[in-house]
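Coordinate analysis (summary)
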Amino acid sequence: MRLLDAELISSREILPAQWLQAYHAPSLAGSVRAGQFIHVRTPDYSGLVLRRPFSVNTVDRATGTVTIHFRVTGKGTEWMSRARQGERLDILGPLGRPFEVNPRTRHVLLVAGGLGMAGVRALADEALEAGRRVTLLFGAASAAEVYPTSLLPDEVEYVVATDDGSLGHRGYVTDLVADYEAWADQAFACGPEPMLATLARLARGRDERLGVAHLGRKGGRTRSSAASGSAQARRRAWLQVSMEQNMGCAVGACLGCVIHGVDGPVRVCREGPVFAAEEIAWGEPA
Amino acid sequence: MKPKKRVVTNRSTAADPYAAPRRRPALAGPVQARPRGPARSDAPAIPVPSRVADVDLSVDLAPARPGALALRNPILVASGTFGYGVEYGEVADVQRLGAICCKGTTLRPRFGNEPPRVTETPAGMLNSIGLQNPGVDAVIEKYAGLWATWQTPVIVNVAGESIEDYVTVVRRLDGVPGVAGIELNISCPNVGKGGLQFAVDREAASAVTAAVRRATDLPLMVKLSPNVADVRAIAKAIEDAGADAISAINTLSGMAIDRRRRRPLLGNTYGGLSGPAIKPVALRIVYEVAQTVRVPVVAIGGVSGLDDVLDFLMAGASAVQVGTAIFADPLLPERLIDELAAYCAEHGLASFRELVGVALPKGRDRPSVKGVEYRP
């Protein structure tokens, strides 16, 4: 984690009110991992007192650039969408804990709902680079909000669901998971909380449905076998989720982004944003 | 143009622990001093670096216990915005700060309030953390050892639901190496029981302060709530009950609506407003309290630049706490220390304490402490 000054290199609206911006930040590009985030400060004259957290969308170490993908939801993101090339932003990062892919995992399933694409997008690159196969399930309200294939690597198998059926499967992206749960060695998801809660429920029943036996392990693969919140716990989990919450400091000081974990309160900014699904105390699924 | 002094922290000159040499610089004219880094070496005639270094930034927040809470500078970080001093890691240099007020600490662990807990508002933010903390024993075990190695004093912010809670927590902190003082949080607006009830009632504020005073010899600072009709009577009662200093203000009670869901945005419905939006309120309260009590007043509320620090000092504060602004700029407290020193050098002040209370009414026109005639 460090404070750095990053220059905006390019900015474009890839979907209605959704922007993709590239920043030149070599030290960040060299150290950030998929799932981590940055905390961006808009200039004083923007009149805003808090930074804005963004998942790192893609990383290009060769050119020292990182991209972020965001939707204009308020004054901060609106200001950012109007920022011009050459504008310099104050960035705090990298922050939080990354996705942990088990070294033995061959098949990676990514599940993204809407802007949740920004949370898992970097993992597609990382997994492909490591020689893994990647399937990306994506859900949106309609075809107009579907993340463009041109922004994804060719090697990714891209499956789309839309609420209104205007493109791909008609229904929720979680409906698609059943077809891939046997294929996937691990799954990684980001999106609205009800979507993540549904996925967590599916993940809990997966071993039983597939008849997976945990031979040679007394008591099976239980949550307690690795300290909750550890990288090991995430590495062993079939499903990892990237959580979202309003944030203050983003370094763990203010306790503003705390959510319920099964072992007590957890800070999305510090213990997260990536958690093993079984570390979260999910509310009743919608 | 010698400024009229009203140094709140050092009423009796004989007991002045600083006895700073009142050297007047050869030339009192304005000097261009840059806030960061070494001062310009090409500035004409005047050796700026030595002058900035000569400025005395020290302040004693517990004059009744000389040296017990003597700070190197008057820039503190406010409770709840800097965790336990470790969270910002390498980004911010805790060793430079005047003092750290740690996250509110209670007897038993508290989960705090339901999320969402924070949201931004015009020129401010609302929070309703609800005093989440691991409990006093865990805080001591986990952090006190580290604090003892720091040159920056750590003031433990203490909250409770009853007078017994406060006393028990303070007894456990008493004598622990690394704990430099207590900030009594009787003004948290985000918890159902305890918290605010002690800050809005003169008798209750007095009782809890007196009970804690009997339980410890640690420097004791009591944090006022702005959510009262007249803060002066309460401040006076707290001083009379034995507080060494008074900090003001805690957050203002507020709320926000989630328009999409058509319900209160915060999980706790209500939250405490902080940030630049509340500075004028904090300034008014500091100004009132500084005229009412003789103990040092520590200002909190929307400090986000040197101008805010100067305003609070002139209104009678002996030190300031930086809070919400740290979230946007973790380096702000350190920079304010440098900027304050540069300002004093530029204005020919041997100590920033010469600014304390210069804007207060002189002699007459002191407001009554009865509070009955108060008109906002």
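Residues numbered from 1 in each chain as written. Chains lettered and ligands numbered in written order. Predicted model: local features only at pLDDT ≥ 70, side-chain atom pairs only at ≥ 80, totals over all residues. Heavy atoms only, no water.

Before going further, it helps to spend a moment on the pattern of salt bridges. Should their charged atoms come close, side chains of opposite charge can pair. Residues and elements named next belong to chain A. Scanning all chains against the criterion turns up 29 salt bridges over all chains. R33 is the salt-bridge partner of E100, the closest N and O atoms lying 3.2 Å from each other. Remark: R33 occurs in the loop between α1 (26-31) and β3 (37-41) and E100 occurs in the loop between β7 (88-95) and β8 (107-113); sequence separation between them is 67 residues. Two residues, D90 and R51, come together in a salt bridge whose shortest N-O distance is 3.2 Å. Remark: R51 occurs in the loop between β3 and β4 (52-55) and D90 occurs in strand β7; sequence separation between them is 39 residues. (Salt bridge = Lys/Arg side-chain N within 4 Å of Asp/Glu carboxyl O. Helix = DSSP H or I, 4+ residues; strand = E, 2+ residues; numbered from the N terminus.)

All names here are of chain A. Strand order across the open sheet formed by seven strands is β11-β10-β9-β8-β12-β13-β16, with mixed pairing between neighbours. Unpaired on one side and paired on the other, β11 (169-170) and β16 (274-276) mark the two borders of the sheet. Relative to β11, strand β10 (residues 157-162) runs parallel, the two being bridged by two bridges. Across the sheet, T162 pairs through a bridge with R170, a residue of β11. Packing against the sheet, helix α3 (residues 117-129) makes contact with β8, β9 (133-140), β10 and β12 (186-190), and its axis sits at approximately 160 degrees to β8. (Pairing = 2+ DSSP bridges. Contact = heavy atoms within 4.5 Å. Axes fitted to C-alpha atoms, helices over the stretch in contact; angles between N-to-C directions.)

The next subject is the nonpolar core. Nonpolar side chains in soluble globular proteins tend to end up buried together. Within the largest apolar cluster, 150 residues are counted, with the highest numbers of intra-cluster contacts made by L239 of chain A together with W147 and I186 of chain B. Counting residues per element, this core draws most heavily on helix α9 (residues 332-346) of chain B, at eight residues. With 29 residues, the next largest nonpolar core counts F99, A112, L123 and V160 of chain A among its residues. (Core = buried A, V, L, I, M, F, W, Y, C linked by side-chain atoms within 4.5 Å. Buried < 20%, exposed > 50% of the residue type's maximum accessible area, 1.4 Å probe, protein only.)

Residue and element names in this part refer to chain A. With six of seven residues buried, β8 is to be regarded as a mostly interior element. Here β8 runs beside β9; their pairing, made up of seven bridges, is parallel. When the bridges of β9 are listed, G113 appears paired with G139. Once the chain exits β8 it traverses α3 before rejoining the sheet at β9, and the crossover so formed is right-handed. (Right-handed = clockwise from strand over helix to strand, strands pointing away.)

Read these as layout, nothing more, since geometry by itself doesn't imply function.
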